[in-house]
Amino acid sequence: MTEQVRAESDSMGTIEVAADRYWGAQTQRSIGNFPIGRDTFIWGRTMIRALGVLKLAAAQANADLGQLPLSGVEIAALEQAATEVMDGELDDHFPLVVFQTGSGTQSNMNANEVISNRAIEILGGNLGSKSPVHPNDHVNRGQSSNDTFPTAMHIAIVLELHDRLYNQVQGLREVLAAKAEQFAGVVKVGRTHLQDATPITLGQEIGGWVAQLDFALEQVRHAEQGLGDLAIGGTAVGTGLNAHPDFGTTTARRISELTGHEFRQASNLFAALSAHDALVNISGALRVLAMAAMKIANDVRWLASGPRNGIGEITIPENEPGSSIMPGKVNPTQCEALTMVATRVFGNDATVGFAGSQGNFQLNVYKPVMAHAVLESIRLLGDSCQAFTDNCAIGIEPNHARIEANLASNLMQVTALNRHIGYDKAAAIAKKAHKEGTSLREAALASGHVTGEEFDAWVVPIDMTHPS
C-alpha cells in the first residue's frame, strides 16, 4: 500500500511529508540529513514540553504586545496547538534526533511547523499551506532558534529537576535518615584505608551518607538558580533584531505563569546565546550528587558482602537470582545499577563541560547534546535513587551477630589506651595480639601495662564513638 503524502515547501524547495504528520519541510529534511543515533527529544518528552511552553508563552506575549497579525480566532488556534504540544498530545510529530544542527534549529522549526499545521487544521485549512498561521511569521514571531532553543533548554531542565529528581533524592535521604536514627546505638567496626579502625555506630555511618545527599542537593538547588535566566528576546545574535523591545521580558513572565517556576530574561543576551555556563554548572552539581550516590552504593555493597565470606555487617533485600550458574547466589544489584548511573553522569558531565567551552563569537552550537546530557543525568539519577530507596535502602538491617563478632576482634580498640599508657606501648599490645592470634584484652594483660579492671574501664566501644 502506497503511503499517502503531501508536498511541503521551504526556502530550499518542496519535499514530500507523510500526510498524517503535522511536521513540515524543514523537519522532514532533518530526518533525512541526520540519521545519527536513535535518541530523540521524545525521550522523556521534556524538551518537547518545554518547546510547547515556550511557543505558547511567545504567542501570548506577542498577542499582549499587539505583534500578531492574526484574528482572535487564529490566535486562539495557535495557542491551542501550542498547548497540545505542551500537554503531550502531539509527541508523535516530533521525530528529530539529538545530533542535528548545534543551534537546535530543526527542533525549533519542528515545533513551529507542528503548531502551524495543527492550528491550520483546527481552522479547517489545508496542511502545508502555511495559511492562515505561518510557522515562521507567526509561531516563530520575534524569535530565532538561537534564543528559543536555549530558552527551552532551561525550561526543560528546571521542570525535570522538580518532576524527576528532587523528590526522589529527598525520599532516599529521608529513608537513610530514619535508618541512621534507628541504628544510633549499634556499635561496629569503623574502617579507613579498607583496614580496621576505631569503633563507630551504624547510625553514624549511615548519617554520613545523609549528609552527603544534603550537600549534593544543596548544590543542585543553588545551580538551578542560574537556569532562571532565559535567552528569549535575543533573537539571532543577542541584539533582539525583529523582536518587540518587551517581547523577552513578557515571554519570560508568561513562562513563569505557565510553569509555576520563576524565569526572567537574562541580563546579557549575548552571553545567553554564546555560552551555556548555567548548564555546565548544573551538570557539575549533578556530578556531585552522582559521587555521593557512588559512595553510598559502594559502602552498602561492601557492608552487605558475603553472605558468609565478606564483611556482612548489614543485610539488604534479596530481589532476584544473581547467577545463571551458581544456585542460590544473590547480588547487590541495586547498588550496581546506582554506580553505573553515576559513571554515566560523570561521562555526561564531561560532554557538557567540553561542549560548553566551544562557544564561538555570538553562538554556541552544541546546544542539543548539552541539553540531552543534562536531562539524561537528571532522569537517571532520579530513577535510580527511587529504585535504590524502594528496593534496597528501605530494607537495610544490621547483622548483629556479625557486627558483634567483628567488633570483638577489632584490634584498633587499643587506641583507647593511648591516653593512659602511650602510643608506643599500645601499638606493641595490638601487634602482639595480631601476631599471636589472641584477643586485645589478653595481649594487654600479658604486657603488664594494664590491669583487667583498667582495660575494662578504658576500652568501652560505645565510649569510643564520641569525643572523650
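Worth saying up front: this structure is predicted, and the values here are computed from it rather than measured. (Residues numbered from 1 in each chain as written. Predicted model: local features only at pLDDT ≥ 70, side-chain atom pairs only at ≥ 80, totals over all residues. Heavy atoms only, no water.)

Enquirer: Give me the overall build of the protein: which residues, what numbers.
Expert: In terms of helices and strands, the protein carries 18 helices and eight strands. Relative to the compact-globule value of 23 Å for 468 residues, the protein shows a C-alpha radius of gyration of 30 Å, a clear excess of over 25%. Along the longest, intermediate and shortest principal axes, the C-alpha atoms of the protein span 100 × 55 × 35 Å. Per-residue burial for the protein yields a buried fraction of 51% across its 468 residues. For the protein, the proportion of contacts with a sequence separation of at least 24, taken over those separated by at least 6, is 74%. Accessible area of the protein: about 20,900 Å², with a carbon and sulfur share of 51%. Across the protein, the mean location of the 34 positive side-chain charges is 5 Å away from that of the 50 negative side-chain charges. (Helix = DSSP H or I, 4+ residues; strand = E, 2+ residues; numbered from the N terminus. Rg over C-alpha atoms; globule rule 2.2 N^0.38 Å. Buried < 20%, exposed > 50% of the residue type's maximum accessible area, 1.4 Å probe, protein only. Contact = heavy atoms within 4.5 Å. Areas by Shrake-Rupley, 256 points an atom, 1.4 Å probe, with all protein chains shown as cover. Lys, Arg positive; Asp, Glu negative; His and termini not counted. Charge placed at Lys NZ, Arg CZ, Asp CG, Glu CD.)

Enquirer: Quick one: what's the story with the packing of aromatic side chains, residue by residue and with numbers?
Expert: Taken as a whole, this structure holds zero aromatic pairs when the rule is applied. Sitting over the face of the ring of Tyr166, Arg221 holds its NZ or CZ atom 3.9 Å from the ring centroid. (Phe/Tyr/Trp six-rings, centres within 6.5 Å; stacked < 30°, edge-to-face > 60°. Lys NZ or Arg CZ within 6 Å of the ring centre and 35° of its normal.)

Enquirer: Go over the pairing of strand β2 (residues 13-18) with me, naming the residues and quoting the values.
Expert: Bridge count between strand β1 (residues 5-10) and β2: six bridges; the pairing is antiparallel. Following the sheet pairing, Ser9 is matched in β2 by Thr14. (Pairing = 2+ DSSP bridges.)

Enquirer: Account for the packing of helix α11 (residues 277-303) against helix α13 (residues 367-391), naming residues and giving values.
Expert: Their axes nearest at 10 Å, the elements α11 and α13 cross at an angle of 30 degrees. Taken together, the axis directions place α11 and α13 in an arrangement best described as roughly parallel. Considering only the axes of α11 and α13, their crossing is left-handed. In this structure, α11 uses Leu279, Val280, Ile282, Ser283, Leu286, Leu289, Ala290, Ile296, Ala297 and Val300 to contact α13, whose residues at the interface are Met370, Ala371, Val374, Ser377, Ile378, Leu381 and Phe388. Of the residues that constitute the contact of α11 with α13, the class distribution is 15 nonpolar, two polar and no charged. (Axes fitted to C-alpha atoms, helices over the stretch in contact; angles between N-to-C directions. Parallel < 35°, antiparallel > 145°, perpendicular 65-115°, else oblique. Left-handed = near helix turned anticlockwise from the far one by under 90°. Nonpolar A, V, L, I, M, F, W, Y, C, P; charged D, E, K, R; others polar.)

Enquirer: Kindly report on the pairing of strand β4 (residues 195-201), identifying the contributing residues and their values.
Expert: Consecutive residues of a regular strand have side chains that alternate between opposite faces of the sheet. One ladder, built from five bridges, connects strand β3 (residues 187-192) with β4; its direction is antiparallel. Note on β4: the bridge partner recorded for Lys188 is Ile200. Counting the residues between successive antiparallel strands, the hairpin from β3 to β4 contains two residues, one of them, His193, with a positive phi of roughly 60 degrees.

Enquirer: Before we move on, could you go through the nonpolar core and cite the residues and values that matter?
Expert: One finds Leu161, Leu165, Leu176, Val300 and Phe388 to be the most contacted residues of the largest nonpolar core, which totals 106 residues. If you tally residues by element for this core, the top one is α11, at 14 residues. Sequence-distant contacts of Leu161, that is, excluding residues within four places in its chain, are made with Tyr166, Val220, Glu224, Leu227, Ile282 and Ile378. By size, the runner-up hydrophobic cluster in this structure holds 16 residues, among which are Leu411, Val414, Ala426 and Ala443. (Core = buried A, V, L, I, M, F, W, Y, C linked by side-chain atoms within 4.5 Å.)

Enquirer: Outline the pattern of salt bridges, supporting the account with residue identities and numerical values.
Expert: Taken as a whole and assessed by the stated rule, the structure comprises 25 salt bridges. Here Arg173 ties to Asp214 by a salt bridge, and the two come within 2.7 Å at their closest N and O atoms. Within this pair, whereas Arg173 is found in helix α7 (residues 166-182), its partner Asp214 is found in helix α8 (residues 202-224), the two being separated by 41 residues in sequence. A residue is classified by how much of its surface remains accessible, and Asp214, at 31% relative accessible area, is partly exposed. Residue Asp349 pairs with Arg287 through a salt bridge whose shortest N-O separation is 2.5 Å. You can see Asp349 sitting in helix α12 (residues 333-356) and its partner Arg287 sitting in helix α11, a full 62 residues away along the chain. Residue classification places Arg287 among the partly exposed residues on the basis of a relative accessible area of 34%. In the salt-bridge network here, residues are joined through shared partners; they are Asp64, Arg253, Arg254 and Glu257. (Salt bridge = Lys/Arg side-chain N within 4 Å of Asp/Glu carboxyl O.)

Enquirer: For helix α14 (residues 400-408), give the residues involved together with the corresponding values.
Expert: Arg402, Ile403, Asn406 and Leu407 are the residues of α14 that are buried. One face of α14 carries all of its buried residues, which in axial projection span an arc of 130 degrees. When the buried face of α14 is taken as reference, the exposed residues oriented beyond 90 degrees from it are Ala401, Glu404 and Ala408. Tucked into the core, α14 has its buried residues touching β3, β4 and β8 (397-398). (Arc of directions from axis to C-beta.)

Enquirer: With reference to specific residues and values, describe unusual backbone geometry.
Expert: That bond from Ser131 to Pro132 is cis: its omega, 10 degrees, falls within 30 degrees of zero. When you line up the elements, Pro132 lands in the loop between α4 (105-122) and α5 (135-139). At Lys130, a residue that is not glycine, the phi angle is positive and equals roughly 60 degrees. Looking at Lys130, the relative accessible area reads 21%, which means it is partly exposed. In this model, His193 sits at a positive phi of 60 degrees, which is unusual for a non-glycine residue. One can find His193 in the loop between β3 and β4. On the basis of relative accessible area, His193 is assigned to the exposed category, the value being 75%.

Enquirer: So, the environment of Ile36: which residues are in play, and what are the values?
Expert: Mapping Ile36 onto the fold places it in the loop between α1 (25-33) and α2 (46-64). Sequence-wise, Ile36 and Trp23 are 13 residues apart; in three dimensions their C-alpha atoms are separated by 19 Å. Setting aside anything within four residues of it in sequence, one finds Ile36 in contact with Val97 and Phe99.

Enquirer: For α13, give the residues involved together with the corresponding values.
Expert: In this model, α13 (25 residues) spans 36 Å end to end at C-alpha, consistent with the 36 Å of a helix rising 1.5 Å per residue. Summarising burial for α13: 19 of the 25 residues are buried, a large majority. (Expected span 1.5 Å × (residues − 1).)

Enquirer: Residues and numbers for the environment of Thr235, please.
Expert: Assignment of secondary structure puts Thr235 in the loop between β5 (229-230) and α9 (247-259). C-alpha separation for the pair Thr235 and Leu303, spaced 68 residues apart in sequence, amounts to 55 Å. Beyond its immediate chain neighbours, meaning those up to four positions away, Thr235 contacts Gly142, Gln143, Ser144, Asn146, Asp147, Gly240, Leu241, Ala243 and Leu273.

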